[in-house]
Amino acid sequence: MAVSIMHRVTGNGLATAGALGLVWWLMAAASGPEAYATFVTCATSPIGYLVMAGLSWFFFQHLCSGLRHFVLDMGAGYELTNNKLWSVLTFVLSTLLTIAFWAAICTGKF
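Residues numbered from 1 in each chain as written. Predicted model: local features only at pLDDT ≥ 70, side-chain atom pairs only at ≥ 80, totals over all residues. Heavy atoms only, no water.

**Student:** What exactly am I supposed to notice about the overall build of the protein here?
**Tutor:** Counting secondary structure elements, the protein contains 4 helices and 0 strands. Shown N-terminal to C-terminal, the secondary structure of the protein runs as helices and strands in the order α-α-α-α. Taking 2.2 N^0.38 as the reference for a compact globule, 110 residues should give roughly 13 Å; the C-alpha atoms of the protein span a radius of gyration of 17 Å, well beyond that estimate. Taking the principal axes of its C-alpha atoms as reference, the protein extends roughly 55 × 30 × 20 Å. (Helix = DSSP H or I, 4+ residues; strand = E, 2+ residues; numbered from the N terminus. Rg over C-alpha atoms; globule rule 2.2 N^0.38 Å.)

Shown next, in the form of structure tokens:
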């Protein structure tokens with residue numbers, strides 16, 4: 001149940017916060033250098049990095065959960081032990097993917 005609820009929460013969060021961030025970025029880019037500098041200052045602040053890290057975790061959580069639902073839709077994975085294992089792994093994998101993603105960004109390998 002928690003994975004299903006988080007799938008909906010992350011999908012709505014990505015749609016809402018992601019769209020607002022994209023619109024803000026595009027408006028700042030279209031408004032000129034001062035507006036874009038303000039956007040960059042906000043985006044590279046500690047709160048900006050926290051929001052971007054949260055959005056990336058939302059993305060990876062939604063991705064892993066969506067893949068889990070895809071497998072369930074094919075009729076596989078309904079055994080109690082497998083279902084519980086994959087439910088827990090969606091949270092673990094999304095966290096590990098987020099850490100790897102930000103490690104690649106911070107080390108300049110991405």
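**Student:** What exactly am I supposed to notice about the environment of Ala43 here?
**Tutor:** Assignment of secondary structure puts Ala43 in helix H2 (residues 33-43). Among the residues examined, Ala43 registers a relative accessible area of 16% and is labelled buried. Along the backbone, Ala43 and Trp25 are 18 residues apart, and their C-alpha atoms lie at a distance of 9.5 Å. (Buried < 20%, exposed > 50% of the residue type's maximum accessible area, 1.4 Å probe, protein only.)

**Student:** Help me out: how do you make sense of helix H4 (residues 80-106) in this one?
**Tutor:** Residues spaced three or four apart along an α-helix face the same direction, because each turn holds 3.6 residues. With 27 residues, H4 should reach 39 Å at 1.5 Å per residue; the first-to-last C-alpha distance of 39 Å fits that figure. Maximal helix bending in H4 amounts to about 25 degrees, located at Leu89. Every buried residue of H4 is listed here: Asn83, Ser87, Thr90, Ser94, Thr98 and Trp102. Where H4 is buried, its residues touch helix H1 (2-31) and helix H3 (46-73). Immediately downstream of H4, the backbone of Gly108 shows phi near 80 degrees, a positive value. (Expected span 1.5 Å × (residues − 1). Bend = angle between axes of the 7 residues up to and from the residue. Contact = heavy atoms within 4.5 Å.)

**Student:** Explanation requested: the side chain of Gln61 in the structure shown.
**Tutor:** The topology assignment puts Gln61 in helix H3. Not counting residues up to four positions away in its chain, the partners in contact with Gln61 are Met6, Thr10, Thr90, Phe91 and Ser94.

**Student:** I keep staring at the side chain of Arg68 and nothing clicks. Help me out?
**Tutor:** Relative to the elements of secondary structure, Arg68 occurs in helix H3. Despite being buried, Arg68 has no salt bridge partner; Asp73 is the closest side chain of opposite charge, sitting 9.2 Å away. In terms of polar contacts, Arg68 uses its side chain to reach the side chain of Ser87, at 3.1 Å. Residues in contact with Arg68, not counting those within four places in the same chain, are Val3, Asn83, Trp86, Ser87 and Thr90. (Lys, Arg positive; Asp, Glu negative; His and termini not counted. Salt bridge = Lys/Arg side-chain N within 4 Å of Asp/Glu carboxyl O. Polar contact = N/O pair within 3.5 Å; in protein donor to acceptor, adjacent residues only side chain to side chain.)

**Student:** Quick question: what am I supposed to make of the packing of H3 against H4 here?
**Tutor:** For any two helices packed against each other, the geometry is given by the interaxial angle and the distance between the axes. One way to put it is that H3 packs onto H4 with a least axis distance of 8 Å and a crossing angle of 145 degrees. Once H3 is placed against H4, the crossing between them reads as right-handed. The segment H3 lies against H4, with Tyr49, Met52, Ala53, Ser56, Trp57, Phe60, Gln61, Cys64, Ser65, Arg68 and Leu72 engaging Asn83, Trp86, Ser87, Thr90, Phe91, Leu93, Ser94, Thr95, Leu97, Thr98, Phe101 and Trp102. Split into classes, the residues belonging to the contact of H3 with H4 amount to 13 nonpolar, 9 polar and 1 charged. (Axes fitted to C-alpha atoms, helices over the stretch in contact; angles between N-to-C directions. Left-handed = near helix turned anticlockwise from the far one by under 90°. Nonpolar A, V, L, I, M, F, W, Y, C, P; charged D, E, K, R; others polar.)

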